[in-house]
Amino acid sequence: MHRQAIGIDIGGSSIKAAIVDLTRGALVGERKSVPSPAMSAVSEMMDAMATAVPEGATNLAAGVTFPGVVVGGTVYTAANVAKAWIGQPLAEPAAAKLKRKVVAINDADAAGLAEVHFGAARDVAGVVLVLALGTGIGSALFVDGKLVPNTELGHLEFDGMEAEARASGRARMERKLDWGGYMKELSYVLQRTHALFWPDLIVLCGGITGDHPNMVEDLVCRAPLKLGALRADAGIVGAAFATTLAQGVWIQQAKAAGN
Ligand code: BGC
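Quick summary incoming for the structure in this document. Within every chain, residues take consecutive numbers counted from 1 along the sequence as written. Only residues with pLDDT of 70 or above have their local features reported here, since the model is predicted, and side-chain atom pairs are shown and tallied only from 80 upward, although totals for entire chains, interfaces and linings are computed over all residues. Heavy atoms throughout the structure, all of them, feed into the side-chain values; hydrogens and water do not.

## Examining helix α6 (residues 179-197)
Line of reasoning, step 1. Helix length check: α6 (19 residues) gives 26 Å between terminal C-alpha atoms against 27 Å at 1.5 Å per residue, within 8%.
Line of reasoning, step 2. Buried means the residue's accessible area, taken with a 1.4 Å probe over protein chains only, is under 20% of the maximum for its type, while exposed means over 50%, and partly exposed covers the values in between. Segments assigned H or I by DSSP are reported as helices when at least four residues long, segments assigned E as strands when at least two residues long, and all are numbered from the N terminus. Buried within α6 are the following residues: Tyr182, Met183, Glu185, Leu186, Ser187, Val189, Leu190, Thr193 and His194.
Line of reasoning, step 3. Phi turns positive, to about 45 degrees, at Trp198, one or two residues after α6. Residue count minus one, scaled by 1.5 Å, sets the expected span of a helix.

## Details of the sheet that holds strand β3 (residues 26-35)
Line of reasoning, step 1. Only strands joined by at least two bridges in the DSSP assignment are considered to pair. In space, the five strands of this open sheet follow the order β3-β2-β1-β4-β7, with mixed pairing throughout. Pairing within the sheet leaves two strands with one partner each, and these edge strands are β3 and β7 (102-106). The mean angle between the axes of side-by-side strands here comes to 20 degrees, regardless of whether they run parallel or antiparallel.
Line of reasoning, step 2. Two elements, strand β4 (residues 62-66) and β7, share five bridges in a ladder whose sense is parallel. Bridge pairing links Phe66 to Asn106 in β7.
Line of reasoning, step 3. We call two residues contacting when some pair of their heavy atoms lies within 4.5 Å. To obtain each axis, a line is fitted to C-alpha atoms, and for helices this fit is confined to the stretch in contact; angles are then taken between N-to-C directions over 0 to 180 degrees. Helix-sheet contacts for helix α2 (residues 91-98) involve β1 (4-10) and β7, and the interaxial angle to β7 is about 140 degrees.
Line of reasoning, step 4. Here helix α8 (residues 234-256) sits on the sheet in contact with β1, β2 (14-21), β3, β4 and β7, set at roughly 120 degrees to β1.

## So, the site of the ligand
Line of reasoning, step 1. Near the ligand you find 14 residues, and of these Asn106, Asp107, Glu152, His155 and Glu164 are the closest.
Line of reasoning, step 2. Under this definition, polar contacts are N or O atom pairs within 3.5 Å; protein pairs additionally need one hydrogen-donor-capable and one acceptor-capable atom, and for neighbouring residues in sequence, both atoms have to be side-chain atoms. Within the side chain of Asn80, a nitrogen or oxygen atom sits 3.0 Å from an oxygen atom of the ligand.
Line of reasoning, step 3. Areas reported as accessible are Shrake-Rupley estimates using a 1.4 Å probe. Residue values count occlusion only from the protein chains shown. Protein contact buries 93% of the 310 Å² of open area that the ligand shows by itself.
Line of reasoning, step 4. Of all the secondary structure elements, the ones that give two or more residues to the shell around the ligand are α3 (107-118) and β9 (137-143). One heavy atom within 4 Å of a molecule or strand is enough for the residue carrying it to be called near that molecule or strand.

Here it is in structure tokens:
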């Protein structure tokens, strides 16, 4: 296994990328950020992604996140980005553009991998749920450290309202909730989600957790709650880590291609 890989985190507003040290789960060198054309054509995304990737390091594989369901390198949902992404292959054109092996993964799954391997949920056995609060609510579910991919729990409906419409970072702004009101709504989502999955630990990630480092004290939930430790780097680190999980698939692909 290479000790380094490139992590690329595609968000609604920016694409962030860096080389990641996979033994420490830490960025190596600078983190590049470019505006994200998430609402425009796929080719524009490929161009923007290429400008975000650090120069050199041509031998390193890359992991790329996407804010939607990703199965076998293809995007299947686009709740908060251009609908043109639905059914669009991502790993394959990214590999062609970046001239390296690329694995694609849901953004919250990537953040979850980073927290489970290097952060707040490191060495935690049992069921761990990582929730990423941003434009939407992303989810990553782990059982004894193994990811159950693409869980999409932000789209669970409670009392006729999707969890992410009720308590994402964007919902907080759009619903003009004050901090107390937001904590109440988020607690409700946590409690209802807890009642369905009974996780041993819930880790909260996303920009809002960086701005409110004590927010766990304002939340009510039966499960222990922790804030993510990798903060804004979780997506990049998790994307890079996903390359280590893709090795088997790449070996099979190479065999099938006769290499
Ligand atoms: C998407 C998820 C994504 C989350 C956070 C949701 O709307 O459906 O796939 O992980 O937003 O970006």
